[in-house]
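Close look at the chain arrangement
In case you want the letters, here they are:
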Amino acid sequence: MLPILFLCLLSFPPSLHASDPPPRGYRINCGSQDEDTVGSIKWIADDGFVEAGNISKLNIPNMMPVLSSLRYFPDKSARKYCYLIPVAKGTKYLIRTTYFYGGFDGGNEPPVFDQIVGGMKWSTVNTTENYAKGLASYYEIIMVATRKTMSICLARNEHTVSSPFISALEVEFLEDSIYNSTDFKTYALSTVARHRFGYDGPIAGYPDDPFNRFWEAFKDTNPAVESHWSIASSHFWNFPPQTAFQTALTTSRGKKLIVKWPAMALPAANYYLALYFQDNRSPSAFSWRVFDVSVNEKTFYSGLNVSTAGAVVHGTKWPLSGQTQITLTPDVSSSVGPVINAGELLMMVPLKGRTLGRDVLAMEAIARSFNNPPSDWSGDPCSPPENSWTGVTCSQGKRARVTALNLTNFGLTGSLPNSIAKLSAITSIWLGGNKLSGPIPDMGSLKRLVSLHLENNQLTGSIPSSLGNLGKLREIFLQNNNLEGQIPDSLKRRSGINIQISPGNQIH
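The structure contained in this document is the topic of the report that follows. (Residues numbered from 1 in each chain as written. Predicted model: local features only at pLDDT ≥ 70, side-chain atom pairs only at ≥ 80, totals over all residues. Heavy atoms only, no water.)

**Overview of the overall build of the chain**
For clarity, the cut-off: By the criteria applied, helices consist of DSSP H or I runs no shorter than four residues and strands consist of E runs no shorter than two, each listed in order from the N terminus. When accessible area is computed with a 1.4 Å probe and restricted to protein chains, residues below 20% of their type maximum are described as buried, those above 50% as exposed, and intermediate ones as partly exposed. What makes two residues a contact is simply this: any of their non-hydrogen atoms within 4.5 Å. Computed by Shrake-Rupley with a 1.4 Å probe, the accessible areas treat only the displayed protein chains as cover when residues are assessed. When charges are counted, Lys and Arg are positive and Asp and Glu negative, with His and the chain ends excluded. Where a charge sits is defined by one atom per residue type, namely NZ (Lys), CZ (Arg), CG (Asp) or CD (Glu).
For the chain, the count of helices and strands is three helices and 39 strands. Considering only C-alpha atoms, the chain reaches an extent of 100 × 50 × 35 Å along its principal axes. Counting across all 508 residues of the chain, residues that qualify as buried make up 56%. Counted over contacts in the chain with a minimum sequence separation of 6, partners at least 24 positions apart contribute 67%. For the chain, the accessible surface area stands at approximately 20,900 Å², while carbon and sulfur atoms represent 49% of it. Here the chain holds 45 positive side-chain charges and 40 negative ones, and the gap between their average locations is 8 Å.

Rendered as structure tokens:
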């Protein structure tokens, strides 16, 4: 599969059982109205994290409980549907989305749609192949939170026929040292593969991995061996689980060990690659082996000395494309062949622009002041550009700005908050034809405002005198409200401005 941002479509059987919960993070059972316990993991309902969508229950025998419900989003007018998760700004998180179609819409094939995280289009969700095999699908991305909430959104694309849906959402805390060679101010890491070599059992997560990363099985034609010595994951900055070292692929003395991993061909991109090794014998003066590591015939690490204590080598911004081949070439001094236990491969995804934080806070305050804002007024207001909030126009660039707001005749109720004055890049505000009430807030800081349409509402109070100080303002439409008082002198003195006050109002 080649989505907008490539990543491996990972899968697991719907009857998979989980163990105890990770210590920090959120495990959200989408569409569920109650807390569910699977094994010892507590999955919480998604109420309070999302406001859009409908729920559906799947009546399939032997279904993993967390996959027996889902939330789907039938509103075709919405540009995106978002979950908002409380996080700690500046902290690293693993975000995992899980999908199991189950024919909830009466169809035979899952819909195809996009997923967005933090205002960045992350990937296309296409679970058709896995669903045909009776498998659920999951996607992972690792990134640092830039705000106090993390938005994870679904959106329609040109291939979407039915309604986008989601079965489960997990947001897991990661220690600072994990993948710390990555510049997370510039990149996110999208999981392509994470495997235990020489192993053919079920997926390992928590409690084996304290951060609930999923380690899948990988075997090929190379001999598989088991380790005779346990090592502590805390000795390595990525905290690989002890189980990642329990099995390995190897070959005989003097031979190269060649592993074609991952199985799928990769698109040309830069990747984060981490490989894990351990001499599988019991500790002794002879329990070591030396070999060179190359990836696609390029040197990855020379003279790696692997003992029972284990070793990890990694590369950041490592260019890969097509089929990847890992070759371990033994040193002439080694009495045994090379060995490899596990690997992680993550695509480095350049971060796109997002909305300036001040504008985000202002737009969120406006959304709260409306009793019935558009259903897609959640997540990043401007990003991605094709999924900006309904009625919102933005500039482009590293930090997008809100430049126009047009919700004319949307049937809005509520009021206009003072925070609208924080949108210092806005040029037009068109909110006519609604049922907004309360006073017109001071907008004296909106120096770029050209057009203000608040006609045909239920606004009260007086006309703010600060409007007369906006040098670029060319039209003010306020007719058919309940305003009182006088036209401010600052507006009376202005020329070249179209002011519509009547009918309606009690303005002298």
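Let's pick the thread back up.
**Let's talk about the pairing of strand 24 (residues 325-330)**
Inclusion rule: Strand pairing is assigned whenever DSSP detects at least two bridges linking the two strands.
Across four bridges, the pairing between strand 19 (residues 257-260) and strand 24 is antiparallel. From the neighbouring strand, Leu257 faces strand 24, where its bridge partner is Leu328. Relative to strand 24, strand 21 (residues 288-295) runs antiparallel, the two being bridged by five bridges. Directly across from Val295, in strand 24, lies its bridge partner Ile326.

**Observations concerning the packing of aromatic side chains**
Convention followed: Pairing of aromatic side chains here covers Phe, Tyr and the six-membered ring of Trp, requires ring centres within 6.5 Å, and sorts the geometry by plane angle: under 30 degrees stacked, over 60 edge-to-face, intermediate tilted. Only lysine NZ and arginine CZ atoms are considered, and such an atom sits over a ring when it is within 6 Å of the ring centre and within 35 degrees of the ring normal.
One pass over the structure, following the stated rule, counts 24 aromatic pairs. Judged by centre distance (5.9 Å) and plane angle (70 degrees), the rings of Trp215 and Tyr276 are edge-to-face. With Trp215 in the loop between strand 15 (187-197) and strand 16 (216-218) and Tyr276 in strand 20 (residues 266-277), this pair connects stretches of sequence that are 61 residues apart. Summarising the burial analysis for this pair, Trp215 and Tyr276 share the class buried. Aromatic side chains Phe300 and Trp318 sit 4.9 Å apart centroid to centroid with 85 degrees between the ring planes, which places their arrangement in the edge-to-face category. With Phe300 in strand 22 (residues 298-307) and Trp318 in strand 23 (residues 311-322), this pair connects stretches of sequence that are 18 residues apart. For the pair shown, Phe300 and Trp318 are each scored as buried. The lysine or arginine in question, Arg96, covers the ring of Phe214, its NZ or CZ lying 3.6 Å from the ring centre.

**A closer look at the nonpolar core**
To keep it simple, the criterion reads: Think of a nonpolar core as a cluster: buried Ala, Val, Leu, Ile, Met, Phe, Trp, Tyr and Cys residues, connected wherever their side-chain atoms sit within 4.5 Å.
Of all hydrophobic cores here, the largest spans 97 residues; its most connected members are Ile95, Trp261, Leu275, Phe277 and Ile340. Broken down by element, this core gets its largest block of residues, eight residues, from strand 20. The contact partners of Ile340, leaving out residues within four places of it in the chain, are Phe197, Ala248, Leu249, Leu257, Val259, Leu275, Tyr276, Phe277, Ile326 and Leu328. Formed by 40 residues, the second largest nonpolar core is a distinct cluster that contains Cys382, Ile429, Ile476 and Leu483.

**A look at the state of the cysteines**
We apply this condition: Note that a disulfide, as used here, is simply two cysteine sulfur atoms within 2.5 Å.
Scanning the entire structure with this criterion turns up two disulfides. Each disulfide pairs two cysteine sulfurs, and for Cys82 the partner residue is Cys153, the sulfurs being separated by 2.1 Å. Handedness of the Cys82-Cys153 disulfide follows from its S-S torsion of about 105 degrees: it is right-handed. A residue pair is termed long-range when its members are at least 10 positions apart, and Cys82 in strand 7 (residues 81-86) and Cys153 in strand 12 (residues 149-155) qualify at 71 residues. For the pair Cys82 and Cys153, a shared accessibility class is recorded, and that class is buried. Note that Cys382 is cross-linked by a disulfide to Cys394, the S-S spacing being 2.0 Å. Judged by the torsion about the S-S bond (-75 degrees), the Cys382/Cys394 disulfide is left-handed. You can see Cys382 sitting in the loop between helix 2 (357-369) and strand 28 (392-394) and its partner Cys394 sitting in strand 28, a full twelve residues away along the chain. When sorted by exposure, Cys382 lands in the same class as Cys394, which is buried.

**A few points about empty space enclosed by the protein**
We apply this condition: Detection works on a 1 Å grid of protein atoms alone, calling trapped sets that fit a 1.4 Å probe cavities and calling open sets with protein on both sides within 12 Å along at least five of seven lines pockets, with lining residues defined by an atom within 4 Å of a point. Grid points are joined across faces, edges and corners, and a volume is the space filled by probe spheres set on the points. The nonpolar class holds Ala, Val, Leu, Ile, Met, Phe, Trp, Tyr, Cys and Pro. Asp, Glu, Lys and Arg form the charged class, and all remaining residues, Gly among them, are polar.
In the structure shown here, the tally under the stated rule is two cavities of 30 Å³ or more. Considered as a void within the structure, the largest cavity measures approximately 320 Å³ in volume. Taken together, 22 residues make up the lining of the largest cavity; nearest its centre are Gly118, Gly119, Thr146, Arg354 and Asp380. Counting residues per element, the ones that place at least two in the lining of the largest cavity are strand 11 (136-144), strand 12 and strand 27 (354-355). In terms of residue count, strand 12 provides more of the lining of the largest cavity than any other element does, three residues in total. Considered class by class, the residues forming the lining of the largest cavity number ten nonpolar, eight polar and four charged.

**Considering the side chain of Asp114**
Cut-off, in case you're wondering: Here a polar contact is recorded for every N or O atom pair within 3.5 Å, except that within protein the pair must consist of a potential hydrogen donor and a potential acceptor, and residues adjacent in sequence are included only if both atoms are side-chain atoms.
Looking at where Asp114 falls in the secondary structure, it is placed in strand 9 (residues 113-117). At 3.0 Å, the side chain of Asp114 forms a polar contact with the side chain of Thr124.

**A short note on the sheet that holds strand 28**
Under the convention used in this document: Here an angle of 0 to 180 degrees is reported between the N-to-C directions of two axes, which are lines fitted to C-alpha atoms, with helices fitted over the stretch in contact.
Here we have six strands laid out as an open sheet, ordered 28-30-32-34-36-38, and mixed in their pairing. Of all strands in the sheet, those bounded by a partner on one side alone are strand 28 and strand 38 (498-500). Within the sheet, the average angular offset between the axes of one strand and its neighbour, ignoring direction, is 10 degrees. Across three bridges, strand 30 (residues 402-406) lies against strand 32 (residues 428-430) in parallel orientation. Its bridge partner being in strand 32, Ala404 is matched across the sheet by Ser428.

**A few points about the pattern of salt bridges**
How we decide: What makes a salt bridge here is a side-chain nitrogen of Lys or Arg within 4 Å of a carboxyl oxygen of Asp or Glu, nothing more.
Enumeration according to the criterion identifies 17 salt bridges in this entry. We note a salt bridge from Asp114 to Lys121, for which the minimum N-O separation is 3.3 Å. Neither Asp114 nor Lys121 differs from the other in exposure class; each is buried. Measuring nitrogen to oxygen at the nearest pair gives 2.8 Å for the salt bridge that ties Lys121 to Glu386. With Lys121 in strand 10 (residues 120-125) and Glu386 in the loop between helix 2 and strand 28, this residue pair connects regions lying 265 residues apart in the sequence. A relative accessible area of 16% means that Lys121 is categorised as buried.

The analysis is restricted to geometry; functional conclusions fall outside its scope.
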